[in-house]
Amino acid sequence: FEMAAYVRKSLLQSTWSRLLQQKHRLVYTASQEFNENEITEKLQQFPGGSIDLRKGNDGIAFLTVNNPSKMNAFSGAMMVQLKDQVEELEGWSQGKGLILHGAANTFCSGSDLNAVKAISNSQDGMEMCMFMQNVLTRLMRLPLISVAVVQGKALGGGA
């Protein structure tokens, strides 16, 4: 019995250690011809909405997708804000949980199609996808118990 408890504890510790080591590792890097700073500048050209983060003293954070006039579609600026909020959560040592939800009874409707259409070439489109893959992978790897509250509509890429 003691041996089983020791093995279980060791496995949990090594798994937790691997997760913490991976949390800052990106899926795409400069070696794949991905320039995060360049795509960040381009995404900032498409304003609208916000990604709001509220951290509670109880260790629970609320991340709100807030662009109700476009059914919470992600503008370019919101994509960058999500990256910034994820970075803040990565450094939050008191964090225990994360609740992700949309404003105004809509969860999310994917990307703002006006911004997507304005992406001028396929390379920029690919870099936008790589940027979001990195951000969402880091969000997934946060050492927090995470819950998405999907109330109302979840459409397109937000489903």
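Further up the page is the structure itself.
Since the structure is predicted, the reported quantities are computational estimates derived from the model, not experimental observations.

About the thresholds
- Residues numbered from 1 in each chain as written.
- Predicted model: local features only at pLDDT ≥ 70, side-chain atom pairs only at ≥ 80, totals over all residues.
- Heavy atoms only, no water.
- Pairing = 2+ DSSP bridges.
- Helix = DSSP H or I, 4+ residues; strand = E, 2+ residues; numbered from the N terminus.
- Right-handed = clockwise from strand over helix to strand, strands pointing away.
- Axes fitted to C-alpha atoms, helices over the stretch in contact; angles between N-to-C directions.
- Contact = heavy atoms within 4.5 Å.
- Parallel < 35°, antiparallel > 145°, perpendicular 65-115°, else oblique.
- Nonpolar A, V, L, I, M, F, W, Y, C, P; charged D, E, K, R; others polar.
- 1 Å grid on protein atoms, 1.4 Å probe; cavity = no way out; pocket = protein on both sides within 12 Å on 5 of 7 lines; lining within 4 Å.
- Points joined across faces, edges and corners; volume = space filled by probe spheres on them.
- Salt bridge = Lys/Arg side-chain N within 4 Å of Asp/Glu carboxyl O.
- Buried < 20%, exposed > 50% of the residue type's maximum accessible area, 1.4 Å probe, protein only.

> Mind showing me how you'd approach the pairing of strand β2 (residues 60-66) here?
Across a regular strand the side chains alternate sides, sitting on one face of the sheet and then on the other. The pairing of strand β1 (residues 50-55) with β2 spans six bridges and is antiparallel. When the bridges of β2 are listed, Ile51 appears paired with Val65. Note: β2 against strand β3 (residues 97-102), six bridges, orientation parallel. Note on β3: the bridge partner recorded for Ala61 is Leu98. Following the chain from β2 across helix α3 (residues 76-90) to the adjacent parallel β3, one finds a crossover that is right-handed.

> I tried to follow the sheet that holds β2 on my own but got confused; where do I start?
One key point about sheets: their strands pair by backbone hydrogen bonds, in either a parallel or an antiparallel sense. The strand order across the open sheet built from four strands is β1-β2-β3-β5, with neighbouring strands paired in mixed fashion. The sheet is open, and its two borders are formed by β1 and β5 (145-149), each paired with just one other strand. The mean angle between the axes of side-by-side strands here comes to 15°, regardless of whether they run parallel or antiparallel. Here α3 sits on the sheet in contact with β1, β2 and β3, set at roughly 20° to β1.

> Teacher, can you tell me more about the packing of helix α2 (residues 36-44) against helix α5 (residues 122-140) here?
Axis angle and axis distance: for two packed helices, these are the angle between their axes and the distance between the axes, and together they describe the pair. The N-to-C vectors of α2 and α5 enclose an angle of 105°; their axes lie 10 Å apart at closest approach. In terms of axis orientation, α2 runs roughly perpendicular to α5. Contact with α2, carried on its side by Glu36, Glu38, Ile39, Thr40, Lys42 and Leu43, involves Asp124, Glu127, Met128, Phe131 and Asn134 of α5 and no other residues of that element. Grouping the amino acids of the contact of α2 with α5 by side-chain chemistry returns four nonpolar, two polar and five charged.

> Please explain the layout of surface pockets as it appears in this structure.
Unoccupied space between atoms shows up once a probe the size of one water molecule is rolled over them. Size it by volume and the largest pocket reaches roughly 310 Å³. Taken together, 16 residues form the lining of the largest pocket, with Phe74, Cys108, Met132, Leu136 and Gly157 sitting closest to its centre. Residues belonging to the lining of the largest pocket are distributed by class as follows: 12 nonpolar, four polar and no charged.

> What am I meant to see in the pattern of salt bridges here?
Opposite charge on two side chains permits them to pair, given that their charged atoms come into close proximity. Going through the model one piece at a time under the given rule, you end up with nine salt bridges. With its nearest N and O atoms 3.8 Å apart, the salt bridge here joins Arg138 to Glu87. Placement of the pair is Arg138 in helix α5 and Glu87 in helix α3, with a sequence separation of 51 residues. Judged by relative accessible area, which is 9%, Arg138 ranks as buried. Relative accessible area serves as the criterion here: at 34%, Glu87 is assigned to the partly exposed category. Note that Glu90 is salt-bridged to Arg138, the shortest N-O span being 2.6 Å. Here Glu90, found in helix α3, pairs with Arg138, found in helix α5; they are 48 residues apart in sequence, far enough to count as distant. A network of salt bridges, in which partner residues are shared, links Glu36, Lys83, Asp84, Glu87, Glu90 and Arg138.

Honestly, it's all geometry; don't read function into it.
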